[in-house]
Amino acid sequence: MKGINRARTGIAGVVATFTVLALAACGGGSDTSGDGGDGESGGGGSDAIRVGFSQLGAESGWRTANTESVKESLSEENGFDLTFVDAQQKQENQIKALRDFIAQDVDVIAFSPVIETGWDEVLQEIKDSGIPVVLVDRTVDTTVEDPYVTWIGADFTQEGTTAGEWVAENAPDAKIFELQGTLGSGAQVDREEGFGEVVGDQIIGKASGNFTRAEGKTAVEAALQAYPDMTMIFTHNDDMGLGAIEAIEAAGKVPGTDIQIVSVDGVRDGLQALVDKKFNYVVECNPVFGDQLAELIKKVYDGEDVPKETIVIDEAFDQTITQETVDARAY
């Protein structure tokens with residue numbers, strides 16, 4: 001193998017520098033096997049960097065855009081031999097995929113963890129194998145020392161903080177129901193923390209919609225009964241917020257007016273809801289960073305210094321957004 005020391009004992013020491021990078025374009029569906037355990041290989045040549053990538057699922061429009069960006073960037077044409085596995089939001093599928101990558105002796109393992117905890121054993125196995133790990137989008141909470149070389153993703157806590165600051169300024173008396181993402185995931189934990197630190201005293205109830213439109217709708221249907229005085233929903237992603245719109249309208253109320261909706265993601269459907277005045281504020285979480293991921297993996301493979309963290313810079317949008325802006329979105 002060229003460019004990378006299989007022992008990789010010196011990696012942890014050279015990646016301690018923290019940098020913040022901005023993207024030119026700012027948490028997937030796949031056509032991999034249905035059981036989430038076997039992946040598709042890009043079939044790159046002998047000089048290609050062999051990457052095993054485990055995506056956590058295809059739960060939202062954001063995840064679909066992220067997957068497309070990763071696959072496009074980690075292509076054979078760009079010098080990669082990609083094995084991609086969709087874990088279907090099941091940690092056991094993801095752990096199996098990671099162990100398969102070890103058995104395949106790939107050059108680099110990258111994955112977006114379903115939840116933060118429960119990775120100690122498999123991360124230790126990867127470390128013992130000498131294969132470097134790149135975390136994508138979400139983070140892990142583990143006792144394994146130096147479990148990954150680098151991480152790339154958004155600042156979820158700041159996203160929650162940005163949403164909370166808008167609420168504090170524009171709806172300081174709102175009674176808020178918080179529509180949480182998958183419990184235990186980095187996006188759920190950090191967005192809840194950031195939002196709660198700003199306007200936690202305004203939150204009257206919480207429930208998980210698991211980042212999906214259908215479960216978001218179900219959670220809001222129940223919340224409308226349990227919290228009849230709520231005037232706002234803070235949703236951890238757009239898809240759950242779109243499900244909330246359906247529930248609100250079915251209850252005879254007007255989303256964006258009777259019940260305001262503040263969301264995180266910035267996918268096209270979410271921003272369209274903002275144009276249509278059904279969402280009130282959206283904090284972007286940019287999924288299109290496959291090109292940056294590819295550059296990080298190349299540097300890791302070549303043994304170059306990389307930042308410990310690369311934070312994707314997000315925007316935020318209110319109801320002044322135009323249809324032209326939405327139509328021009330890449331995702």
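Residues numbered from 1 in each chain as written. Predicted model: local features only at pLDDT ≥ 70, side-chain atom pairs only at ≥ 80, totals over all residues. Heavy atoms only, no water.

Student: What should I look at first to understand the overall build of the protein chain in this one?
Tutor: From N to C terminus, the protein chain includes eleven helices and 14 strands. Split into buried and exposed, the 331 residues of the protein chain put 55% on the buried side. Working note: accessible area of the protein chain is about 13,100 Å², and carbon and sulfur atoms make up 47% of it. (Helix = DSSP H or I, 4+ residues; strand = E, 2+ residues; numbered from the N terminus. Buried < 20%, exposed > 50% of the residue type's maximum accessible area, 1.4 Å probe, protein only. Areas by Shrake-Rupley, 256 points an atom, 1.4 Å probe, with all protein chains shown as cover.)

Student: Any chance you could explain the side chain of Asp86 here in plain terms?
Tutor: Counting through the fold element by element, Asp86 comes out in strand β4 (residues 80-86). One buried charged residue, Asp86, forms no salt bridge at all, with the nearest opposite charge on Lys71 at 7.9 Å. A distance of 2.8 Å separates a polar atom in the side chain of Asp86 from the backbone nitrogen of Gln88. (Lys, Arg positive; Asp, Glu negative; His and termini not counted. Salt bridge = Lys/Arg side-chain N within 4 Å of Asp/Glu carboxyl O. Polar contact = N/O pair within 3.5 Å; in protein donor to acceptor, adjacent residues only side chain to side chain.)

Student: Please clarify how the sheet that holds strand β14 (residues 316-318) should be interpreted in this entry.
Tutor: Pairing between the strands of a sheet is mediated by backbone hydrogen bonds and can be parallel or antiparallel. Taken together, six strands build an open sheet; the order of strands is β9-β8-β10-β11-β12-β14 and the sheet is mixed. Each edge of the sheet is formed by a strand with only one pairing partner; in this case those strands are β9 (203-208) and β14. Across the sheet, the mean angle from the axis of one strand to that of its neighbour is 15°, orientation sign disregarded. Summarising the sheet, strand β10 (residues 232-235) and strand β11 (residues 260-265) pair through four bridges and their orientation is parallel. Of the residues in β11, the one forming a bridge with Met232 is Gln260. Along the sheet, helix α5 (residues 156-170) makes contact with β8 (176-180), β10, β11, β12 (281-284) and β14, crossing β12 at roughly 160°. (Pairing = 2+ DSSP bridges. Axes fitted to C-alpha atoms, helices over the stretch in contact; angles between N-to-C directions. Contact = heavy atoms within 4.5 Å.)

Student: In this structure, what is going on with the packing of helix α8 (residues 238-250) against helix α9 (residues 268-275)? I would like to understand it.
Tutor: The relative placement of two packed helices comes down to the angle between their axes together with the axis-to-axis distance. In contact at an axis separation of 9 Å, α8 and α9 are set at 45° when each is read in the N-to-C sense. It follows from the interaxial angle that α8 and α9 lie oblique. As for how α8 packs across α9, the hand of that crossing is left-handed. Where α8 approaches α9, its residues Asp238, Leu242 and Ile245 are matched on the opposing element by Asp269, Gly270 and Ala273. Taken together, the residues of the contact of α8 with α9 break down into three nonpolar, one polar and two charged. (Parallel < 35°, antiparallel > 145°, perpendicular 65-115°, else oblique. Left-handed = near helix turned anticlockwise from the far one by under 90°. Nonpolar A, V, L, I, M, F, W, Y, C, P; charged D, E, K, R; others polar.)

Student: Would you mind showing me how to read the layout of surface pockets here?
Tutor: Leftover empty space is mapped by rolling, across the atoms, a probe with the size of a water molecule. Here the second largest pocket is characterised by a volume of approximately 180 Å³. Every residue along the wall of the second largest pocket is listed here: Asp155, Gln158, Glu159, Thr162, Val283, Glu284, Ile311, Val312, Ile313, Asp314, Glu315 and Ala316. Examining the composition of the lining of the second largest pocket, we find that three residues originate from one element, α5, more than from any other. (1 Å grid on protein atoms, 1.4 Å probe; cavity = no way out; pocket = protein on both sides within 12 Å on 5 of 7 lines; lining within 4 Å. Points joined across faces, edges and corners; volume = space filled by probe spheres on them.)

Student: Looking at this structure, how should I read the side chain of Glu116?
Tutor: If you trace the backbone, Glu116 turns up in the loop between β5 (108-111) and α4 (120-129). Among buried Asp, Glu, Lys and Arg side chains, Glu116 stands out as unpaired, with Arg138 the closest opposite charge at 8.7 Å. Other than its neighbours up to four places away in sequence, Glu116 contacts Thr139, Val140, Asp141, Gly184, Ser185, Gly186 and Val189.

Student: How should α5 be read in this particular structure?
Tutor: One full turn of an α-helix is made of 3.6 residues, so residues set three or four places apart face in the same direction. Taking 1.5 Å per residue, 15 residues should reach 21 Å; α5 reaches 21 Å between its end C-alpha atoms and fits that length. Taken together, the buried positions of α5 are occupied by Phe156, Glu159, Gly160, Thr161, Thr162, Ala163, Gly164, Trp166 and Val167. (Expected span 1.5 Å × (residues − 1).)

Student: I'm lost on the environment of Lys96 in this one. Help?
Tutor: As for its placement among the helices and strands, Lys96 is situated in helix α3 (residues 91-104). Given a relative accessible area of 40%, Lys96 falls into the partly exposed group. In this structure, the C-alpha to C-alpha distance between Lys96 and Val122, residues 26 residues apart in sequence, is 9.0 Å.

Student: Please explain the packing of aromatic side chains as it appears in this structure.
Tutor: Two aromatic rings, taken as a pair, are described by how far apart their centres are and by the angle between their planes. Throughout the structure, instances matching the rule amount to five aromatic pairs. Ring centres 5.7 Å apart and planes at 10° place the aromatic pair Phe53 and Phe84 in the stacked group. Of this pair, Phe53 sits in strand β3 (residues 49-55) while Phe84 sits in strand β4; the two residues are 31 residues apart in sequence, bridging distant segments of the chain. As far as burial versus exposure is concerned, Phe53 and Phe84 are alike and both buried. On the basis of an interplanar angle of 35° and a centroid distance of 5.9 Å, the ring pair of Phe177 and Tyr227 is categorised as tilted. In this pair, Phe177 sits in strand β8 while Tyr227 sits in the loop between α7 (213-226) and β10, placing the two residues 50 residues apart along the sequence. According to the relative accessible area criterion, Tyr227 is partly exposed, its value standing at 26%. Taking the ring centre of Phe84 as reference, the NZ or CZ of Lys71 above it sits at 4.6 Å. (Phe/Tyr/Trp six-rings, centres within 6.5 Å; stacked < 30°, edge-to-face > 60°. Lys NZ or Arg CZ within 6 Å of the ring centre and 35° of its normal.)

Student: Which parts of the structure should I look at to understand the pattern of salt bridges?
Tutor: Pairing of side chains with opposite charge becomes possible as their charged atoms draw close. If you walk through the whole model with that rule in mind, you get 14 salt bridges. The salt bridge partner of Arg213 is Asp269, with a shortest N-O separation of 3.6 Å. Of this pair, Arg213 sits in helix α7 while Asp269 sits in helix α9, placing them 56 residues apart in sequence. Assessed through its relative accessible area of 31%, Arg213 is described here as partly exposed. What emerges from the salt-bridge pattern is a single network uniting Glu59, Arg63, Asp137 and Arg138.

Shape descriptors only; they carry no functional weight alone.
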